Amino acid sequence: MSLLTAAGALYLRTVRETWAGGTGMLLPLTYIVGGAALIPLVAGDAIGGVAELFRRAGALSAAPEGISNSDLLGLIAPGLLWFLIALASLVTLERIFQSDLEDGALDDYRLGPLPMEIVAFIKVIAVWSLVALPALVMLPLPGLFLGLSPLDSLMSLPAFLLGSLAFFFWGGVGAALSASVRRSGLLIAVIVLPFYAPAVIFGAGAVAPLASGSGLDTTALMFLAAATLMSAAIGPVAAAQALKLSAEG
Amino acid sequence: MLSRLANPHRFMRTSSWLMPTLGIVGLLMIASGTYWALWQAPAEKYQGDSARIMFIHVPAAWLSMGGYIAMAAAGFTWLVWRHALADVAARAIAPLGAAFTAICLATGSIWGKPTWGTWWEWDGRMTSVLFLFLLYVGYIALRSAMDSRESAAKASAILALVGTVNIPVIRFSVDWWNTLHQPASVIREGGPSMEWDFLGPLLWNAVGFSLLFGFLVLLAMRADVRERQAEALRLKLVTG
Amino acid sequence: MAVPDFGDHTPYIWAAFGLTFLVLLILTIASVLRAHAAKSRLDQVREAVEDARARKGDASA
């Protein structure tokens with residue numbers, strides 16, 4: 001079996017696993033869209049209240065006086081979307097690697113034709129394409145709930161595309177590391193949180209000018225691309241090491 | 001792996017005198033350094049007296065980064081050569097490095113309020129040091145979550161190495177971004193730009209804190225070695 | 001040797017130095033306690049091994 005065929009087969013199998021485990025695309029999409037819908041329902045006054053709290057404490061220098069709740073929501077909305085996608089990456093990846101460890105698939109991969117790094121890479125991409133990609137395609141919908149115009153959502157797509165990839169690559173490292181830990185729960189989050197940071201910072205920086213009507217911040221976008229490339233390079237290598245480790249038990 | 005630590009004779013022998021020496025000298029230097037910092041050094045021209053916090057804040061920062069590098073290097077040594085003491089060292093450094101990072105963040109925040117009017121800013125330097133702290137915490141969490149000593153060593157070594165990218169980010173963050181935090185004034189091209197009135201107590205304290213750090217690391221390593229030896233012996237006893 | 005007065009900055013300096021020394025003190029005490037516990041545990045186990053060996057020696061004698 002040629003390497004390419006093996007790679008393709010692995011991709012399809014992972015997609016099928018993720019699909020089955022989350023009742024198809026329903027779960028990830030519901031999560032992203034539903035989560036986005038929930039926020040304005042609770043947050044309308046809650047966000048205003050929290051912002052007021054910070055203003056009084058003197059800590060928040062950013063929020064200007066006299067800002068309306070919906071404006072505030074608009075400011076926070078992209079950040080919330082990042083947050084939702086980050087969460088989705090953590091939860092789905094953990095399940096994939098854990099089940100691989102349990103059913104012995106990891107040993108098969110070690111003996112198989114594909115190097116472990118490629119295995120890790122493909123698995124991450126497969127989960128990403130089932131969880132993040134559909135959400136990105138539908139981005140205008142959750143964006144609408146959070147007060148983003150459809151045009152804004154579309155324009156922020158490159159940033160979310162790159163950012164979500166970075167999330168998933170780093171999430172893969174964390175998931176691989178905690179695959180051998182039962183009920184790792186918050187462990188992955190604690191481990192990978194620092195690594196998500198550059199993608200979040202640059203991603204947020206890239207879409208920030210959209211709020212004031214200008215285009216994407218291309219410098220930030222370049223840095224985001226760099227951060228994503230780095231995650232794509234380092235992530236699978238580190239994940240492969242961690243997977244080999246958990247396979248050895 | 002336990003058996004390889006069965007006779008870490010040379011380490012125990014050397015550390016039995018090195019450790020207390022580091023501790024005592026470090027303590028003396030910190031004591032005298034504090035006196036120098038609070039009673040003898042002048043107030044800073046623009047910031048006033050709050051700048052004295054620098055004499056703790058900067059050494060803590062150096063140790064937090066140095067500690068992480070040492071931890072990652074120890075992990076690398078363990079991964080490549082499987083030297084058991086390397087893992088012992090990494091394990092010992094982690095909580096200490098985390099503590100010094102916390103001290104760095106806290107003293108920085110306390111310094112910031114009267115001097116620049118804010119407890120915190122999400123600028124490049126502060127954000128990346130906060131992430132350093134999170135890296136330490138994640139490292140410790142991962143270690144304790146793994147089942148065996150062996151897998152804990154491997155997993156944490158991988159994590160430490162991946163996290164090393166953050167160190168240059170911290171170092172150069174004040175150059176790359178327009179930060180509230182001031183640019184490098186000691187370790188930079190062209191040498192330190194600080195006057196001796198401040199550089200003196202700073203370096204003195206830095207050495208003092210480093211020696212204390214070394215003392216605490218060796219103390220923890222010795223405890224770890226003894227704990228493992230006791231464990232190995234107890235196993236032998238039980239299994240006859 | 002009077003405590004120097006730093007004016008407005010005094011509480012901050014006290015806080016910073018005090019917090020640091022407190023943390024270091026706690027760290028040191030905790031480390032020393034742990035080291036001490038490890039040493040006595042090891043001695044305990046070593047004694048137990050010696051006893052077991054002695055008993056076996058008696059038994060086979």
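Reference entry: report on the structure contained in this document. Because the structure is predicted, anything quoted here is derived from the model rather than measured. (Residues numbered from 1 in each chain as written. Chains lettered and ligands numbered in written order. Predicted model: local features only at pLDDT ≥ 70, side-chain atom pairs only at ≥ 80, totals over all residues. Heavy atoms only, no water.)

**Quick look at the interface of chain B and chain A**
With 21 residues of chain B at the interface, the matching set in chain A holds 19 residues. Between chain B and chain A, roughly 1700 Å² of surface is buried when both sides are summed, and carbon and sulfur atoms account for 84% of that area. Looking only at chain B, the three residues that lose the most surface to chain A are B:Phe131, B:Ile158 and B:Val162, adding up to 27% of its buried area. The interface formed by chain B and chain A contains zero salt bridges. Inspection of the chain B/chain A interface yields zero residue pairs in polar contact (both at pLDDT 80 or more). Only α4 (124–145) and α5 (149–163) of chain B provide two or more residues apiece to the side of chain B that touches chain A. Element by element, the count of residues in the side of chain B that touches chain A is highest for α4(B), at nine residues. The residue makeup of the side of chain B that touches chain A, split by class, is 14 nonpolar, four polar and three charged. (Contact = heavy atoms within 4.5 Å. Buried area = accessible area lost by both parts, 1.4 Å probe. Salt bridge = Lys/Arg side-chain N within 4 Å of Asp/Glu carboxyl O. Polar contact = N/O pair within 3.5 Å; in protein donor to acceptor, adjacent residues only side chain to side chain. Helix = DSSP H or I, 4+ residues; strand = E, 2+ residues; numbered from the N terminus. Nonpolar A, V, L, I, M, F, W, Y, C, P; charged D, E, K, R; others polar.)

**Quick look at the environment of C:Gly18**
All names here are of chain C. With respect to the helices and strands, Gly18 occurs in helix α1 (residues 10–60). Exposure remark for Gly18: the relative accessible area of 34% places this residue in the partly exposed category. Between the alpha carbons of Gly18 and Ala52 there is a distance of 51 Å; along the sequence they are 34 residues apart. (Buried < 20%, exposed > 50% of the residue type's maximum accessible area, 1.4 Å probe, protein only.)

**Some points on the environment of A:Ala132**
Residue and element names in this part refer to chain A. Relative to the assigned elements, Ala132 resides in helix α5 (residues 116–137). In this structure the C-alpha to C-alpha distance between Ala132 and Phe168, which are 36 residues apart in sequence, comes to 8.9 Å. If near-sequence neighbours (up to four positions away) are discounted, Ala132 is found in contact with Val127, Ser164 and Phe168.

**A look at the interface of chain B and chain C**
The interface of chain B with chain C comprises 39 residues on the first partner and 31 residues on the second. At the boundary of chain B with chain C, total buried surface from both sides reaches about 3100 Å², with 80% on carbon and sulfur atoms. Counting across the chain B and chain C interface gives one salt bridge. The residue C:Arg34 makes a salt bridge to B:Glu227 at a minimum N-O spacing of 3.0 Å.

**Remarks on the nonpolar core**
A:Phe168, A:Leu177, B:Met71 and B:Met221 are the most contacted members of the largest nonpolar core, which has 152 residues in total. The greatest single-element share of this core, amounting to 16 residues, is contributed by helix α3 (residues 84–116) of chain B. In this structure A:Phe168 touches A:Ile85, A:Ser89, A:Thr92, A:Leu93, A:Val124, A:Val127, A:Trp128, A:Val131 and A:Ala132, once residues within four positions along its chain are discounted. Of all hydrophobic cores here, the second largest spans five residues; its members include B:Ala230, C:Leu42, C:Val45 and C:Val49. (Core = buried A, V, L, I, M, F, W, Y, C linked by side-chain atoms within 4.5 Å.)

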